[in-house]
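Residue strings, one per chain:
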Amino acid sequence: MLTNFIICDNRLLIIEGNLYQPRSPKNPGAFDFKKYLAKQGSFSGLKGEKVVFRTDKKLWGWTNLRNRIINGFTDALGKENGLVISSIILGRRAVDLPPETRDLFVNIGLAHVLAASGFHVALLLGIVF
């Protein structure tokens with residue numbers, strides 16, 4: 001696993017993933033990503049698995065509330081279980097689930113559980129109020 005850090009305007013972008021060597025296309029006339037990278041002076045690609053954006057500014061509003069909910073569940077239930085419960089309540093896009101866990105839900109046909117719905121929003125509001 002490779003970690004790449006990018007710093008811009010006092011903000012930090014962290015990308016974790018794996019390097020891979022692209023292949024030439026099998027279809028004639030298809031886009032040749034390997035040749036394109038070679039022209040740019042690069043010979044490998046990065047498959048990003050996790051992206052984290054950090055800033056020194058204090059988070060507020062819904063972002064702060066979302067982070068408090070996620071941290072509460074992960075502290076009480078452990079990281080993996082806490083992230084699953086948080087994504088059930090907040091939705092898949094609000095929580096950074098590991099790709100393996102997300103793929104398990106898709107493979108067994110339960111991906112809809114990770115989508116935020118009216119029930120999930122009502123559950124969240126019930127917890128908040």
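Just so you know, these numbers come straight off a predicted model, no measurement behind them. Numbering of residues begins from 1 in every chain and follows the order in which that chain's sequence is written. Side-chain atom pairs in this predicted model are given and counted only at pLDDT of 80 or more, local residue features only at pLDDT of at least 70, and totals for whole chains, interfaces and linings cover all residues. Note that water and hydrogens are dropped before the side-chain values are worked out from all heavy atoms of the structure.

Colleague: Help me understand the overall build of the chain in this model?
Modeller: For the chain, the helix and strand inventory stands at five helices and three strands. Listing every helix and strand of the chain by position from the N terminus yields β-β-α-β-α-α-α-α. Going through the 129 residues of the chain one by one, you find that 20% of them count as buried. In this description, contact between two residues means that some pair of their heavy atoms is separated by no more than 4.5 Å. The contacts of the chain with a sequence gap of at least 6 include a subset with a gap of at least 24, amounting to 48%. Accessible surface area values rest on a Shrake-Rupley calculation with a 1.4 Å probe, where residue burial reflects the displayed protein chains alone. Accessible surface, the chain: about 9900 Å² in total, of which carbon and sulfur atoms supply 57%. Strands here are runs of E lasting at least two residues and helices are runs of H or I lasting at least four, both read from the DSSP assignment and numbered beginning at the N terminus. With a 1.4 Å probe rolled over the protein chains alone, any residue whose accessible area is under 20% of its type maximum counts as buried; one over 50% counts as exposed, and the rest are partly exposed.

Colleague: What should I look at first to understand helix 2 (residues 61-77) in this one?
Modeller: Every α-helix winds through 3.6 residues per turn, so residues three or four apart in the chain are directed the same way. Under the convention used throughout, the expected extent of a helix is 1.5 Å for every residue step, that is, one less than its residue count. Here helix 2 is 17 residues long and its end C-alpha atoms lie 25 Å apart, about the 24 Å a rise of 1.5 Å per residue gives. Inspection of helix 2 places Ile69, Ile70 and Thr74 among the buried residues, and these make up the whole buried set. Along the axis of helix 2, the buried positions cluster into a sector of 125 degrees, meaning they face one direction only. Facing away from the buried side of helix 2 by more than 90 degrees, the exposed set consists of Arg68, Asp75 and Ala76. Directions from the helix axis toward the C-beta atoms define the arc.

Colleague: Would you take a moment to explain the packing of helix 2 against helix 3 (residues 79-90) for this structure?
Modeller: Two quantities define a packed helix pair, namely the angle between the axes and the distance from one axis to the other. One way to put it is that helix 2 packs onto helix 3 with a least axis distance of 7 Å and a crossing angle of 140 degrees. In terms of axis orientation, helix 2 runs oblique to helix 3. The two elements helix 2 and helix 3 cross, and the hand of that crossing is right-handed. Residues Arg66, Ile69, Ile70, Phe73, Thr74 and Leu77 of helix 2 form the contact with helix 3, whose own contacting residues are Lys79, Asn81, Gly82, Leu83, Ile85, Ser86, Ile89 and Leu90. Classes in brief: Ala, Val, Leu, Ile, Met, Phe, Trp, Tyr, Cys and Pro nonpolar; Asp, Glu, Lys and Arg charged; the others, Gly included, polar. By residue class, the composition of the contact of helix 2 with helix 3 is eight nonpolar, four polar and two charged. For helices, the fitted axis covers only the stretch in contact; all axes are lines through C-alpha atoms, and the angles between them, taken along N-to-C directions, range from 0 to 180 degrees. Every angle not falling under 35 degrees, over 145, or within 65 to 115 is termed oblique; those three ranges are roughly parallel, roughly antiparallel and roughly perpendicular. By convention, the crossing between two helices is left-handed when the near helix turns anticlockwise from the far helix through less than a right angle, and right-handed when the turn is clockwise.

Colleague: Looking at this structure, how should I read the confidence of the model for the chain?
Modeller: In low-pLDDT regions, the fine details of the predicted coordinates are not to be read closely. Per-residue pLDDT for the chain averages 79, and the proportion of residues at 70 or more is 81%. The predictor attaches a confidence to each residue, called pLDDT, with possible values from 0 through 100. Confidence, read as mean pLDDT per element, is least for strand 1 (residues 2-8) in the chain (57) and greatest for helix 1 (residues 33-40) (89).

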